[in-house]
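# Close look at the chain arrangement
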Amino acid sequence: MSDLGSLIPPHEPAEDALATIGGMALDAIPILGPLAGRALDHALASRAAQLRHEFDVAVVAKLKTLADAHNTELTVADIVNSDDFLAAFIRARRIATETASETKRERLAAAVANDGHWSPFARSEAQRFNRLVEAFDDLHVWLLHYLDQSVDWPRVRGFEGNRWAPSENNPLSSILGVPFATWWKPYAQSVADLQRDGLVEILDFSAPPIEPPAGFPPIPQAQLRDNTREMRARTTQRGREFLAFIMEPASSEADPPHEL
């Protein structure tokens, strides 16, 4: 496994042209002239090269983790002779340079590592999960941890509230640090995405809507029913398998996203 590191050339960035002009006022830079163009091109190329290098390192680290976990010996030949791996790597590497999320780059690296004959996941399943890794953001993935019934995430992390409540009484308001009106739409959309792909299921369809706590502005009954339904989402076995595919930590250790 140590030989895999030889696949990654060292990253030796040249002088950062963006830093060179970074202290200049914008109106002092000839925007239409050659200096700004060359500086920006060089800076962007340098940053992209750095992200590609970091992604390559992350992929090798995930491969080593996977091999150790399954007591499998991987060689450089295994990696470079796997068309499935190389195709997944090329695609994920490009996406990794286009996302601002460091955690998503980690998930992409894990997905690539699981895309080869050495993976415990079937080829067809790996392809489906790879598409989800590309589509999902940090909130999607964290909700799979939060909605897992086997882990009482709020209690473990010291948050109180009614997990079923579509209101400010829900601990998500404290966990995400924003009011119900801010987190509800991203939450509901993420749950809908996860349900569509079979990673969560909605429990208790016939249960009556949960009334908001005293003092909370009244919610139309139709919306209240929809809100209540989404709050009853729970992670499926397929959802847990997806978390394993991207090598996520134990659900109780998964931190919420910094922003929605």
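Refer to the structure above for everything that follows.
This text gives an overview of the structure that appears in the document. What you see is a predicted model; the values in this text were computed from it and never measured.

Here the focus is the overall build of the protein chain. The helix and strand tally for the protein chain stands at 12 helices and 2 strands. Ordered by position in the sequence, the α and β elements of the protein chain form the string α-α-α-α-α-α-α-α-α-α-β-α-β-α. Across the protein chain, the fraction of contacts at a sequence separation of at least 24, relative to all contacts at a separation of at least 6, is 75%. As presented, the protein chain carries roughly 13900 Å² of accessible surface, and 53% of it is formed by carbon and sulfur atoms.

The next subject is the packing of helix 7 (residues 138-146) against helix 10 (residues 180-196). Running from amino to carboxyl end, helix 7 crosses helix 10 at an angle of 75°, the nearest separation of the two axes being 10 Å. Regarding the angle of helix 7 to helix 10, the classification is roughly perpendicular. Of the residues in helix 10, those touching helix 7 at Leu139, His140, Leu143 and Leu144 are Pro186, Tyr187, Ser190, Val191, Asp193 and Leu194. Taken together, the residues of the contact of helix 7 with helix 10 sort by class into 7 nonpolar, 2 polar and 1 charged.

On to the side chain of Arg105, then. Topologically, Arg105 is positioned in helix 5 (residues 102-113). If near-sequence neighbours (up to four positions away) are discounted, Arg105 is found in contact with Leu51, Phe55, Ala96, Thr99 and Ala100.

What follows concerns the packing of helix 5 against helix 6 (residues 123-135). Put simply, helix 5 and helix 6 touch, their axes get as near as 10 Å, and they point 170° apart. In terms of their interaxial angle, helix 5 and helix 6 are classed as roughly antiparallel. Across the interface between the two elements, Lys104, Arg107, Leu108, Ala111 and Val112 of helix 5 pack against Asn130, Val133, Glu134 and Ala135 of helix 6.

Before going further, it helps to examine the packing of aromatic side chains. Counted under the stated rule, the structure contains 17 aromatic pairs. A ring pair is formed by Trp183 and Trp184, whose centres lie 6.1 Å apart and whose planes are at 65°; its orientation type is edge-to-face. What links up through ring pairs into an aromatic cluster is the set Phe121, Phe129, Phe136, Phe242 and Phe245. Sitting above the plane of the Tyr146 ring, Arg163 keeps its charged end 4.6 Å from the centroid.

In this structure the tally under the stated criterion is 13 salt bridges. Measuring nitrogen to oxygen at the nearest pair gives 2.7 Å for the salt bridge that ties Glu134 to Arg91. Highlighted residues: Glu134 in helix 6 and Arg91 in helix 4 (residues 83-98), separated in sequence by 43 residues. On the accessibility criterion, Glu134 (22% relative accessible area) is partly exposed. Overall, the relative accessible area of 43% leaves Arg91 in the partly exposed class. Here the salt bridges share partners, and the residues they tie into one network are Asp84, Asp115 and Arg123.

Scoring rules and cut-offs
Each residue is numbered by its place in its chain's sequence as written, counting from 1. pLDDT decides what is reported in this predicted model: residues at 70 or higher carry local features, side-chain atom pairs at 80 or more are listed and counted, and totals for whole chains, interfaces and linings draw on all residues regardless. Excluding hydrogens and water, the side-chain figures rest on all heavy atoms present in the structure. Per the convention used, a helix needs a DSSP run of H or I reaching at least four residues, while a strand needs a run of E reaching at least two, with both numbered from the N terminus. Contacts were defined at the residue level, with two residues in contact if any of their heavy atoms lie within 4.5 Å. Accessible surface is estimated by sampling points in the Shrake-Rupley manner with a 1.4 Å probe; for residues, cover comes only from the protein chains shown. Note on geometry: axes are lines fitted to C-alpha atoms, helical ones only across the stretch in contact, with angles between N-to-C directions running from 0 to 180 degrees. For classification purposes, an angle smaller than 35 degrees is called roughly parallel, one larger than 145 roughly antiparallel, one from 65 to 115 roughly perpendicular, and anything else oblique. Three residue categories are used. Nonpolar comprises Ala, Val, Leu, Ile, Met, Phe, Trp, Tyr, Cys and Pro, charged comprises Asp, Glu, Lys and Arg, and polar comprises the others, including Gly. Any two of the Phe, Tyr and Trp rings considered here, Trp counted by its six-membered ring, make a pair once their centres fall within 6.5 Å; the pair's planes then place it as stacked at under 30 degrees, edge-to-face at over 60, or tilted in between. Remark: a charge is flagged as sitting over a ring if the NZ atom of Lys or the CZ atom of Arg is within 6 Å of the ring centre and within 35 degrees of the ring normal. A carboxyl oxygen of Asp or Glu within 4 Å of a side-chain nitrogen of Lys or Arg is what we treat as a salt bridge. When a residue's accessible area, from a 1.4 Å probe over protein chains only, is under 20% of the maximum for its type it is buried; when over 50% it is exposed; and in between it is partly exposed.

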